[in-house]
Amino acid sequence: QVQLVESGGGLVQPGGSLRLSCAASGFTFSYYTMTWYRQTPGKERDLVARITSDGGITNYADSVKGRFTISRDNSKNTVYLQMNSLKPEDTAVYYCSALRPPRPRDWGQGTQVTVSS
């Protein structure tokens, strides 16, 4: 059974930092690209950052480039999202995701990030 468990969310002041983690189990983590998404109420889930199976290629949404860093540790079956210089507009539920074709995308339960003074 695939499990993706996010952690590390919380309340932070503007300009602050958080590090999200996503622990994966139930599949061969090192084979697959991993992606972080985020969603605010009433809006679609948007891609934030993506990292290839070996960590060699990363992609970011324009809104987070230069502030967020995605990384992974295949020995720990974990993907991370380091978020710096946080802004109120980064407030969202952040989801970890794996796509293992031809299966539907797998999702974690999400972790709330709130940026507010």
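Residues numbered from 1 in each chain as written. Predicted model: local features only at pLDDT ≥ 70, side-chain atom pairs only at ≥ 80, totals over all residues. Heavy atoms only, no water.

*Asks:* When you look at the packing of aromatic side chains in this model, what are you seeing that I'm missing?
*Replies:* Any pair of aromatic rings gets described here by the distance separating the centres and the angle formed by the planes. Applying the stated rule across the entire model yields 5 aromatic pairs. Ring centres of Tyr31 and Tyr32 lie 6.2 Å apart, and the angle between their planes is 55 degrees; on these two criteria the pair is classed as tilted. Aromatic side chains Tyr37 and Trp107 sit 4.9 Å apart centroid to centroid with 65 degrees between the ring planes, which places their arrangement in the edge-to-face category. In this pair, Tyr37 sits in strand S4 (residues 34–39) while Trp107 sits in strand S10 (residues 106–107), placing the two residues 70 residues apart along the sequence. Of the residues examined, Tyr37 reaches a relative accessible area of 12% and is grouped as buried. Among the residues examined, Trp107 registers a relative accessible area of 36% and is labelled partly exposed. Linked through ring pairs, Phe27, Phe29, Tyr31 and Tyr32 together constitute an aromatic cluster. One residue, Arg19, lies across the ring of Tyr80, its end atom 4.0 Å from the ring centre. (Phe/Tyr/Trp six-rings, centres within 6.5 Å; stacked < 30°, edge-to-face > 60°. Helix = DSSP H or I, 4+ residues; strand = E, 2+ residues; numbered from the N terminus. Buried < 20%, exposed > 50% of the residue type's maximum accessible area, 1.4 Å probe, protein only. Lys NZ or Arg CZ within 6 Å of the ring centre and 35° of its normal.)

*Asks:* I tried to follow the environment of Val93 on my own but got confused; where do I start?
*Replies:* The residue Val93 is located in strand S9 (residues 92–98) in this model. Here Val93 falls in the partly exposed class, since its relative accessible area comes to 21%. Sequence separation between Val93 and Gly110 is 17 residues, and the spatial gap between their C-alpha atoms is 5.8 Å. With residues up to four places along the chain from it excluded, the contact list for Val93 reads Tyr37, Arg38, Gln39, Gly110, Thr111 and Gln112. (Contact = heavy atoms within 4.5 Å.)

*Asks:* Please explain the sheet that holds strand S1 (residues 3–7) as it appears in this structure.
*Replies:* Across a sheet, strands are paired by hydrogen bonds formed along the backbone, either parallel or antiparallel in direction. Sheet architecture is open: 4 strands sit in the order S1-S3-S8-S7, paired in antiparallel fashion. At either end of the open sheet lies a strand with only one pairing partner, and these are S1 and strand S7 (68–73). Sheet twist, expressed as the average angle between the axes of neighbouring strands with direction ignored, equals 15 degrees. Strand direction decides the pairing type here: S7 and strand S8 (residues 78–83), joined by 6 bridges, are antiparallel. Across the sheet, Phe68 pairs through a bridge with Met83, a residue of S8. (Pairing = 2+ DSSP bridges. Axes fitted to C-alpha atoms, helices over the stretch in contact; angles between N-to-C directions.)

*Asks:* What's the story with the side chain of Ser97 in this structure? I'm lost.
*Replies:* Mapping Ser97 onto the fold places it in strand S9. Exposure remark for Ser97: the relative accessible area of 0% places this residue in the buried category. Side-chain polar atoms of Ser97 contact the side chain of Arg105, separated by 2.9 Å. Within polar-contact distance, the side chain of Ser97 engages the backbone oxygen of Asp106 at 3.0 Å. Setting aside chain neighbours within four positions, we find Ser97 in contact with Leu4, Thr33, Met34, Thr35, Tyr37, Arg105, Asp106 and Trp107. (Polar contact = N/O pair within 3.5 Å; in protein donor to acceptor, adjacent residues only side chain to side chain.)

*Asks:* What exactly am I supposed to notice about the nonpolar core here?
*Replies:* Soluble globular proteins tend to bury their nonpolar side chains together. By size, the foremost hydrophobic cluster in this structure holds 28 residues, and its most contacted members are Met34, Trp36, Val79, Leu81, Met83 and Tyr94. Those elements giving two or more residues to this core turn out to be strand S3 (18–25), S4, strand S5 (46–51), S7, S8, S9 and strand S11 (111–115). (Core = buried A, V, L, I, M, F, W, Y, C linked by side-chain atoms within 4.5 Å.)

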